[in-house]
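Observations on chain architecture
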Amino acid sequence: METKQFTRTINAPTEKVWNTLWDDATYREWTAVFIEGSRAETDWKKGSKVLFLDGKGSGMVSTILENKPNEFMSFKHLGMVKDGVEDTTSAETKEWANAVESYTLKSANGGTELTVDFGVTGMSQQMLDYFMDTWPKSLDKVKEIAER
């Protein structure tokens with residue numbers, strides 16, 4: 001699987017960056033860069049299902065592969081959600097199926113190095129271009145929120 005990697009150095013402790021990533025209010029704020037109204041429905045526990053949704057109830061269905069607080073979170077994308085209905089079998093879901101998205105946080109010079117690895121195998125060029133443009137903007141937003 002081909003993976004793209006994005007990194008930001010953030011002038012905040014790992015705990016604050018972690019909370020910025022996964023607390024509901026700040027999660028909604030930084031993921032709005034991808035699509036307005038973004039939210040996640042999950043308990044954030046390893047093995048749990050997570051729905052990454054927009055304001056209309058559409059998005060991705062995934063599972064949490066790993067959750068090591070303040071260090072590492074990883075998701076495996078299983079399919080899509082359209083109008084609240086999960087789809088893990090259609091041809092369209094092939095762009096998401098089995099892609100892995102991971103977040104690694106490391107202490108660095110009094111701050112945090114945040115690295116996101118995003119699996120892109122099987123993704124259309126249009127989707128790849130979108131993510132290559134949007135991931136850096138979203139991490140800039142995480143940085144802005146965590147440093148306030």
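Structure shown above.
Everything quoted here is computed from the prediction, not taken from an experiment.

1. A look at the packing of aromatic side chains
- In total, this model carries 20 aromatic pairs according to the counting rule given.
- Aromatic pair Trp22 and Tyr27: ring centres 6.3 Å apart, planes at 25°, arrangement stacked. There is no split in this pair, since Trp22 and Tyr27 are both buried.
- With centroids separated by 6.3 Å and ring planes inclined at 70°, the aromatic side chains of Trp30 and Tyr103 adopt a geometry described as edge-to-face. On the criterion of sequence distance, the pair formed by Trp30 in helix α2 (residues 24–31) and Tyr103 in strand β7 (residues 100–108) is long-range, its members being 73 residues apart. A single burial state applies to Trp30 and to Tyr103, both of which are buried.

2. A closer look at unusual backbone geometry
- Phi at Asn70 is positive, roughly 70°, even though this residue is not glycine.
- The exposure class of Asn70 is partly exposed, given its relative accessible area of 25%.
- Positioned with a positive phi, Asp83 is a non-glycine residue whose angle comes to about 50°.
- Tracing the chain through its elements places Asp83 in the loop between β5 (72–82) and β6 (85–87).

3. Quick notes on the pattern of salt bridges
- Here the structure, examined in full by the defined rule, presents 10 salt bridges.
- Lys46 is paired through a salt bridge with Glu66; the nearest N and O atoms lie 3.3 Å apart. In this pair, Lys46 is assigned in the loop between β2 (39–41) and β3 (49–53) and Glu66 in strand β4 (residues 59–68), connecting sequence segments 20 residues apart.
- The exposure class assigned to Lys46 is exposed, which follows from its relative accessible area of 55%.
- Residues Glu147 and Lys143 are paired through a salt bridge, measuring 2.8 Å at the closest nitrogen-oxygen approach.
- Overall, the relative accessible area of 35% leaves Glu147 in the partly exposed class.

4. Remarks on the packing of helix α1 (residues 14–22) against α2
- One way to put it is that α1 packs onto α2 with a least axis distance of 5 Å and a crossing angle of 75°. Between α1 and α2, the angle falls in the class roughly perpendicular. Along its contact with α1, which presents Asn19, Thr20, Leu21 and Trp22, the element α2 presents Asp24, Thr26, Tyr27 and Trp30.
- A per-class count over the contact of α1 with α2 returns four nonpolar, three polar and one charged.

5. Considering the packing of α2 against helix α3 (residues 125–146)
- Where α2 contacts α3, the axes come no closer than 8 Å and their chain directions differ by 140°. Between α2 and α3, the crossing angle belongs to the class labelled oblique. In the packing of α2 onto α3, the handedness of the crossing is right-handed. Across the interface between the two elements, Thr26, Glu29 and Trp30 of α2 pack against Trp135, Ser138, Lys141, Val142 and Ile145 of α3.

Definitions and limits used
Residues numbered from 1 in each chain as written. Predicted model: local features only at pLDDT ≥ 70, side-chain atom pairs only at ≥ 80, totals over all residues. Heavy atoms only, no water. Phe/Tyr/Trp six-rings, centres within 6.5 Å; stacked < 30°, edge-to-face > 60°. Buried < 20%, exposed > 50% of the residue type's maximum accessible area, 1.4 Å probe, protein only. Helix = DSSP H or I, 4+ residues; strand = E, 2+ residues; numbered from the N terminus. Salt bridge = Lys/Arg side-chain N within 4 Å of Asp/Glu carboxyl O. Axes fitted to C-alpha atoms, helices over the stretch in contact; angles between N-to-C directions. Parallel < 35°, antiparallel > 145°, perpendicular 65-115°, else oblique. Contact = heavy atoms within 4.5 Å. Nonpolar A, V, L, I, M, F, W, Y, C, P; charged D, E, K, R; others polar. Left-handed = near helix turned anticlockwise from the far one by under 90°.

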